[in-house]
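So you can see what is in the structure, the chains are spelled out below.
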Amino acid sequence: MHNVQPDPTSERFVSRLARLDPGDRARLKRNAGKTLAEARDVLALFYSLLPPGVTPAPEWAYFLVATLYPLTGSTSGSDLGAALRRARTAFNAKGLDRRMEYLLDADSAQLPFRLRQAVRFLASNRVRVDWPLLLRNLLAWNHPDRYVQQRWARSYFAGTTTSNKED
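Visitor: Got a minute to help me understand the packing of helix H5 (residues 80–87) against helix H7 (residues 111–124) in this structure?
Guide: If you want to describe how two helices pack, look at the angle between their axes and the distance between the axes. Contact pair H5 / H7: the axes reach a minimum separation of 10 Å and the direction vectors enclose 45 degrees. Overall, the two elements H5 and H7 adopt an arrangement that is oblique. In this structure, the crossing between H5 and H7 has a hand that is left-handed. Contacts between H5 and H7 involve Leu80, Ala83, Leu84 and Ala87 from the former and Leu115, Ala118, Phe121 and Leu122 from the latter.

Visitor: Just checking my understanding: could you explain the packing of aromatic side chains for this structure?
Guide: The geometry of an aromatic ring pair is captured by two quantities: the separation of the ring centres and the angle between the planes. If you walk through the whole model with that rule in mind, you get 7 aromatic pairs. Aromatic pair Phe46 and Tyr47: ring centres 5.0 Å apart, planes at 70 degrees, arrangement edge-to-face. Here Phe46 falls in the buried class, since its relative accessible area comes to 0%. Arranged with centres 5.3 Å apart and planes meeting at 90 degrees, the rings of Phe46 and Phe63 form a pair that is edge-to-face. Remark: Phe63 occurs in helix H4 (residues 59–72) and Phe46 occurs in helix H3 (residues 43–49); sequence separation between them is 17 residues. Across this residue pair, the class does not change: Phe46 and Phe63 are buried.

Visitor: Mind showing me how you'd approach empty space enclosed by the protein here?
Guide: A probe matching the size of a water molecule, rolled over the atoms, marks out where space remains unfilled. On inspection of all chains with the given rule, the structure shows 2 cavities of 30 Å³ or more. Taken together, Leu84, Leu96, Arg99, Met100, Leu103, Arg114, Gln117, Ala118 and Phe121 form the lining of the largest cavity. Of the residues assigned to the lining of the largest cavity, the class counts are 6 nonpolar, 1 polar and 2 charged. For the second largest cavity, the full set of lining residues is Ser78, Asp79, Leu80, Ala83, Val129, Asp130, Leu133, Leu134 and Asn137.

Reading guide: rules and limits
- Residues numbered from 1 in each chain as written.
- Predicted model: local features only at pLDDT ≥ 70, side-chain atom pairs only at ≥ 80, totals over all residues.
- Heavy atoms only, no water.
- Axes fitted to C-alpha atoms, helices over the stretch in contact; angles between N-to-C directions.
- Helix = DSSP H or I, 4+ residues; strand = E, 2+ residues; numbered from the N terminus.
- Parallel < 35°, antiparallel > 145°, perpendicular 65-115°, else oblique.
- Left-handed = near helix turned anticlockwise from the far one by under 90°.
- Contact = heavy atoms within 4.5 Å.
- Phe/Tyr/Trp six-rings, centres within 6.5 Å; stacked < 30°, edge-to-face > 60°.
- Buried < 20%, exposed > 50% of the residue type's maximum accessible area, 1.4 Å probe, protein only.
- 1 Å grid on protein atoms, 1.4 Å probe; cavity = no way out; pocket = protein on both sides within 12 Å on 5 of 7 lines; lining within 4 Å.
- Points joined across faces, edges and corners; volume = space filled by probe spheres on them.
- Nonpolar A, V, L, I, M, F, W, Y, C, P; charged D, E, K, R; others polar.

Below, the structure written as structure tokens:
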């Protein structure tokens with residue numbers, strides 16, 4: 001069992017993103033899908049948003065969420081698999097299923113690109129993203145049990161959402 005409990009740090013971070021002005025959102029958006037090393041013109045902004053106590057190791061996940069957040073900016077209560085499932089139609093099912101498989105198999109290097117594609121797709125279909133939950137999921141992406149990937153796959157392919165508190 002792997003718990004994905006609400007976390008005040010991720011909630012605080014997303015709250016700070018929500019208060020950004022349009023110019024700062026645009027700067028972050030231009031870096032969507034890039035790594036911290038590839039980032040241009042946003043490092044000072046990003047580090048000013050980062051809550052105290054966040055160590056360097058998970059900064060990649062915070063940066064990824066910060067740059068993807070301006071694409072949709074809204075929040076819902078389900079994982080990314082369930083969000084993509086809501087956007088799935090008979091017309092896009094085959095391609096979206098394939099994209100979901102690639103996303104689930106993505107390693108840390110591929111994840112920013114694959115996730116940016118998924119979030120842009122959700123934004124174009126007006127499906128909301130639960131940003132604090134996505135951040136917590138990204139922080140656990142490399143867990144040896146791959147429980148985040150399993151939860152997203154279950155939510156998407158089986159069409160059932162798992163409680164954030166139990167697996």
